[in-house]
Every structure is written in structure tokens, then in C-alpha cells.
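Fold and contact review
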Amino acid sequence: MSTKQGTGSLAVDGRRTIAGAVISNAATFLVALLIARLSGEALLGAFAILFALRAILALVCGLGMRIAMTKFVAASRARGDYASLRGAVRLGVGVPVGTAVLAGIGLALLAPVLAEQVFGAPSMTAPMRVVAVSLPFAVLMDVTLAATQGFRSMRAFARIGLILEPLCRLGFAAVSLVAGWGLMGLAGGLLAASVIGGTSGAVVLSRRIRDLPDARPVYPWRNLARFAGVSWVASMATQGILWVDVVLLGAMVAAAEVGVYQVATRAVMACMIVITPLTASMAPRIAHHWETRELEQVSNDYGFVVRWTWRLTLVPLTVVFGAPAAVLACFGPGFSDGVIVIVILGAGALVEALAAPSAVLLNQTGHNRLNMRINLSALVGNILLNLALIPVYGIAGAAVAWLVTLLFSGLVRIAVVRHLVTHEWPLRRPHLVSAGAALLALVLIRLMTATTALDALVTLALAAGIVVLVYPAVVLRSGLVKDERKAARSLLVRARRELSVRVPVLRRWVNRWRVRRLRPGAEPIPVDQLISPHRSDILARKAVFDLAAEHRDILDSEEFFELASQSLYGTWFRKIVVPGLGLAGVSEQEQVTLFRQAVSRAAHLFTSFEANGFDTQHPITVARIPAGTKIAGRSLAEDRWVPVDGCHRLALLVRSGLSHIPVDHYVIDPDGDCRHNTARMSEALERTESEVVAFLARGLCRPGNAVTTWDELLDALELPANRAHLEDWPEAQRYSRAVSVSP
């Protein structure tokens, strides 16, 4: 039960980075909130200017290596070219950090001029120099963590870039504000957090490189420089759109107005927290699949990320659109002028939720030059719009410029991706369902705010409650694709099992609810027809009980667990249970823990059965498959019973030699989940044709018929009408040698 390091699923990495992004944005949000509450909008505006200035310089000094590192490491690993990987990492880390050192020196020397003549605040000189010292460490963290993402794992990026560094920044900012150190203290906290983040990223990357096969580094400087140069310009344009408005506002309006704009921006950016982690999780996978020409998987990953950036961004934006004044009131009474700004910026965030994945896809599929042109055009347009609108409309003009820029560039990128890569629009029924759910929640929030006059925090709490009640219910009911519905059911099963073990009272309530829709057994059911042809996993469960009978003296021990892991039961768990419950991407340790729990429960069930026999208070649940109904592409000409729940108890009855299940041993679930896993079990165990047909004959032929080939199975069917159905089974193409004539 091992999982190869660095190849976690997109969903798992997405969840990991979303959790980190929540912490990161919460930390950034709390920094802004603390400054606003404790020191006012003037200090917040000054800190926002320094933070934006460093972000822009870090992007410039990165030289496009953040994107390049992820792509080159992922592509080199896909090819097994570890020499180029090592060389690319050395170039991709060393050159940007060296550039950042030079840029930091330049910023420190120019600090007096920038502070006095550009921003009109001489007191910013010393803090700006501290920020200059932090620049190389910020760049070091960016490029090293980008390289670790190329290993198709977001663990280091999430833990360091999204959790450790932001929390350090928050902690240092809180200490600085409480101590009264002002802007200088905030800049010092930024430096300390950057040092911690940069050195941590370097340590993790060095360990990853050390674990690779030995190879003399080859420096692909030409290809790396070509790709990074284009990505550099594109990234500068993208980040410039995010920060240029703050810098221009700092030069054209009062610092207090910049503080109001920064608060509105922080609130909207907090709504977009899922975009960066999900697109970052997608990037190395797109590079890998594009390199190996798995084009369908490229489209699937892109579609998955677009769906979830849209769905998850809509949730907080619904609260912002519904109660913008309440959101701003949390920062204090001086930010009410930002209502129109936060609404306009929120509209831009909606566009970005749909369009952001397309930019990453273009970069990772080699179309980064085209993406650069789009971004440059957008940046130029954004600067021109800001210069035209800010003098007339102030911070509202800057918000409009941001919205128009995102709308233009986003629509162009989506159209380009459709034309060059996916050949389909990303907007589908799930997106419309999510929008409808958000609109319904928004109407209810607006009705609530229009008819009440509550405190801001109470209003936000009620608005969030409305969204939580309305939005997931609609989306889960009508807005999931097939794979997501399966994953949701698996998650529900896992949660139900965990709760049933840890909360016995809840288990009793659930059982009582389930009993209401169950019907009593009507007639004895032949055991062989219950497990064959659809449920060969029952025999895998029987295997653990056979093992328990042979090793009664070591049940629930480490030795018994190891024996079970090597048995048919262990194969069933790894090949059927793990993917069926959506556990393929979880860590090996968690899989082992879950398997250990399953073995322990099976051992206790065996002991109870041996001592007391079958407990009719806990009957097996079965469901009926109507004749002609296809299950996993396989149908029969007759109705068939299949087990739904209590499969371990059924395995005990099979082991006991029972030929028919008595009516008091089972109940009927009219809506039970009917599954076929015989084919997957046969594939996992590499069973031969004779082994496969022997199992199928157990439920399809008369007792005693010994068949060894598919054609013999067709000729020996107990119900001849089943023959036409079996000839359409996938096994027919695999095993049939000649067309047999029916007698």
C-alpha cells in the first residue's frame, strides 16, 4: 500500500493548497485588520505601498523562474532527464537570487528619493531599506518552492509558502503593533518572515534534489532562458495588474484613500484564495501530461480546476455582494467609502475565477509567448485606464480599471485555450448551477439586509449562514459531474464509517433512519447467485476469515495484520476499496491506518460469529437488479439480488457453507447501490480465463457444472436467455474463440 512520493492526486493537492491558502489569506487579512484597527488607514496605506513595491520587485527579480522551475522540473522528471533537472534548478535558483541582491542594493540607495519625491513620505525611507534587505529571501522562497512543485507535490509549497511564512508575518506584525514600533516594525517583521520562508524552501528543495538518481548537471540555459524570459514578462504583466493600481494611487491620492482601497482589495482577494492554490496544483500536472501527450488528461485537469475555482470563489463573493457595508465595517468606521469599490472589484474576481486557469495552461503547454502578449496588452490598458480614471473618480476609477482589464484579458485567454488546446468552452452546466445557487443566496441576503438593521458582525454571520445552507445544497443536488458525484458518495461513506466508529449514539440514529426504508426478506436467496456474477469481493472478505481461523492465537496483532496485508483481502483493499472511496491520493500512512481498522473489525466480527452465530439484529442488506439493467456494462435476462451492506457478514455465511440466505438474515433496500467489481478483482489478481469463468459459473450455471472456457460457460448457462446478454459483456471479446451454436 505505497504511494509514490510526489505524485499525489490533483484533488488531494488541491485540498492541501486550499487549506494553506485559507491560512495565508487569513493571515494577510488579519495583518490589514490589525493595522486598520490599531493604527488607522494612514499606516495601512503606507505598509500597503511597501508590500506592493516588494511584490513587484520580487516578480522582476524572479526573471520568470517561478513558472519555468515548475515546468522544467516536471518535464525533466517525466523524461527521466535528471542531469538537466539538476542544472535547471541551479540556474533557476542562483540567477534570480543574485539579481534580487543587486535590486535590493539599488532599492536601498534609491529609498530617500522614492520616499520623499514619489510617495511624499520621508518617514518611509528606513522601512523601505529594510524591505530591500528582505527582497533576496522573498525571491529565494518563490523559486525554491516553485521547483518543489515540479515534483507534482504541493506539500512544501503549502506548508512553507502558504502557512509558515504568512503566520510568521502575522505574528511579527502583531508584536510590532502592540509594541508601537510603527512602519519600521512592520518592515522588520516582513524581513524576518522572508528569511524563515526562504531558508526553509531552500532546505526542502535540496533534500528533494539529493534523493534523485546521481547525474552530472547539464545546464539547459538556452531553453530555460527562452521560456523564463517570456514567462517573466507575462508574470510581470499579471502581477502588475494586481499591484500597479496601489502604486499609482499612492502617487495620486492621499494615503488614507489608499488604505480604504487596500481594505476593499484585501476583502476581495480573500474571496479568491482558492484560485492560486488550485492553478498551482494544476501546473506541474499539465506540464507532465503535455510532455507525455496525454491530451485528454490535460483537458480533464483544466476542466476540474475551472469548475472548482468558480464554485469556491462564488461562496465568499456572494456574502460580499450581499452585505458589502458589513464587510467593510469590520475594519472600522473609516472605510464606508469603499462599498462601491468592493462591489466592482468583486465583479473582477468573478471573471478571474473562470479565466485564471487558462493562463497557467497556456504557460505549461508552451504557449507562454502568446500569454505574454495578452498580459502585456492588459497591463498597458490597465495603466492607461488608471491614469485616466483615478484623477476623476479616485479609488472607484482604479476599481473600474481593474475590472475592465480582467474582463478583456480573461475572455481572450479563454477563447485562445479553446482554440489551441481543449477545443471546447469551459462553461458547462455545473457552472450555471453554481451561479444559480449563488444568486438565490444573494437574493435572500439582500432581503435580510433590507429588512433588518443589525450589527455588522451579526449581519455577516447571518449572510454566511444563508450561503452555507443554500449554496452547497443546490450544487450537491444538481451541479456535480459524474466523477464528483462518485467522490462525494465515497466521502460520505468514509465520514459515516468514521462517525459510526467514534460516535455510537449517532450510529444508532443512522441505523434507525435506514431501517425505515428497508423491507423484510421475502424468500431464501441462493448464496451463489448473490455473489456471482457481480460480487467476487465477497470471496476476498472470506479470505480474511479463513486467515483468522488459521491464526486464532494472534488476532489483532501486528503479525496478523501483516498476513492480512499479503492475502487476497489486502489485494481487495488496495485495488477496490482505496480507489472506490477516493483514497488513491492520500498518504500511505493513512491507507495503512484504514486497512488496520478494517482488519481489526473483521477479526472482532469473526470472534463474535464463532461464539454467537449470525446476529439477526444486524441483517445483510440486499438490492434487486431488474432484468436487462446494465451494471458496469453487464446485464442479465433475469432479476438478480446483490449485497449492498453487511458484506463481511455475508462472507461469514459463505464460509459456514450455507447454501441459501434465510429470510430473517437479510432485508431489502429498494434504492440500494448495485455494484459490479468482479472484473476489477479479476484484473487485479491477474486471473486466468478458467478462474474467471469458474466464478461466473457459480451463479449462472447449475451446480456441478465444471467449465473452463468462456464458450463452455455460454453453453452451460442455467437460463439460456442469459446467453444473448453475456455475449455483450466485455469478457466475451476477451475470451470468446468462436461463435458457438446454441443447442
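Predicted, not measured: the structure shown is a model, and the values here were computed from it.

1. A few points about the sheet that holds strand 1 (residues 519-520)
Spatial strand order, 1-6-3-4: four strands in an open sheet with mixed pairing. At either margin of the open sheet sits one strand with a lone partner, and together these are strand 1 and strand 4 (640-645). Inspection of the sheet shows strand 1 paired to strand 6 (residues 666-668) by two bridges, in the antiparallel sense. Note that in strand 6 the partner of Pro520 across the bridge is Val667.

2. Section: the packing of helix 5 (residues 125-149) against helix 6 (residues 155-179)
Relative orientation of the contacting elements helix 5 and helix 6 amounts to 150°, with a least axis distance of 8 Å. As far as their axial angle goes, helix 6 and helix 5 are roughly antiparallel. Contacts between helix 5 and helix 6 involve Met141, Leu145, Thr148 and Gln149 from the former and Ala156, Phe157, Ile160, Gly161 and Glu165 from the latter. For the contact of helix 5 with helix 6, the per-class residue count stands at five nonpolar, three polar and one charged.

3. Re empty space enclosed by the protein
For the structure on display, the rule yields four cavities of 30 Å³ or more. By volume, the second largest cavity amounts to about 120 Å³. Along the walls of the second largest cavity sit 11 residues, with Thr28, Val31, Phe47, Gln262 and Arg266 positioned nearest its centre. Broken down by element, the residue count for the lining of the second largest cavity peaks at four residues, all from helix 2 (residues 41-62). Taken together, the residues of the lining of the second largest cavity break down into seven nonpolar, two polar and two charged.

4. Section: the environment of Glu558
Within the secondary structure, Glu558 is located in helix 22 (residues 558-566). Counting along the chain gives 143 residues from Glu558 to Ala415, while the straight-line C-alpha distance between them is 57 Å.

5. Details of the packing of aromatic side chains
Summed over the entire model, instances satisfying the criterion amount to eight aromatic pairs. Relative to Phe595, the ring of Tyr569 lies with its centre 6.0 Å away and its plane at 40°, an arrangement referred to as tilted. Taken together, the positions of Tyr569 in helix 23 (residues 568-580) and Phe595 in helix 24 (residues 588-612) put the pair 26 residues apart, joining distant regions of the chain. The exposure classification of Tyr569 matches that of Phe595, with both residues buried. Pairwise contacts between aromatic rings join Phe561, Tyr569, Trp572, Phe573 and Phe595 into one cluster. Across from the ring centre of Trp308, 4.6 Å away, lies the NZ or CZ of Arg311, which sits over that ring.

Parameters and conventions
- Residues numbered from 1 in each chain as written.
- Predicted model: local features only at pLDDT ≥ 70, side-chain atom pairs only at ≥ 80, totals over all residues.
- Heavy atoms only, no water.
- Pairing = 2+ DSSP bridges.
- Helix = DSSP H or I, 4+ residues; strand = E, 2+ residues; numbered from the N terminus.
- Axes fitted to C-alpha atoms, helices over the stretch in contact; angles between N-to-C directions.
- Parallel < 35°, antiparallel > 145°, perpendicular 65-115°, else oblique.
- Contact = heavy atoms within 4.5 Å.
- Nonpolar A, V, L, I, M, F, W, Y, C, P; charged D, E, K, R; others polar.
- 1 Å grid on protein atoms, 1.4 Å probe; cavity = no way out; pocket = protein on both sides within 12 Å on 5 of 7 lines; lining within 4 Å.
- Points joined across faces, edges and corners; volume = space filled by probe spheres on them.
- Phe/Tyr/Trp six-rings, centres within 6.5 Å; stacked < 30°, edge-to-face > 60°.
- Buried < 20%, exposed > 50% of the residue type's maximum accessible area, 1.4 Å probe, protein only.
- Lys NZ or Arg CZ within 6 Å of the ring centre and 35° of its normal.

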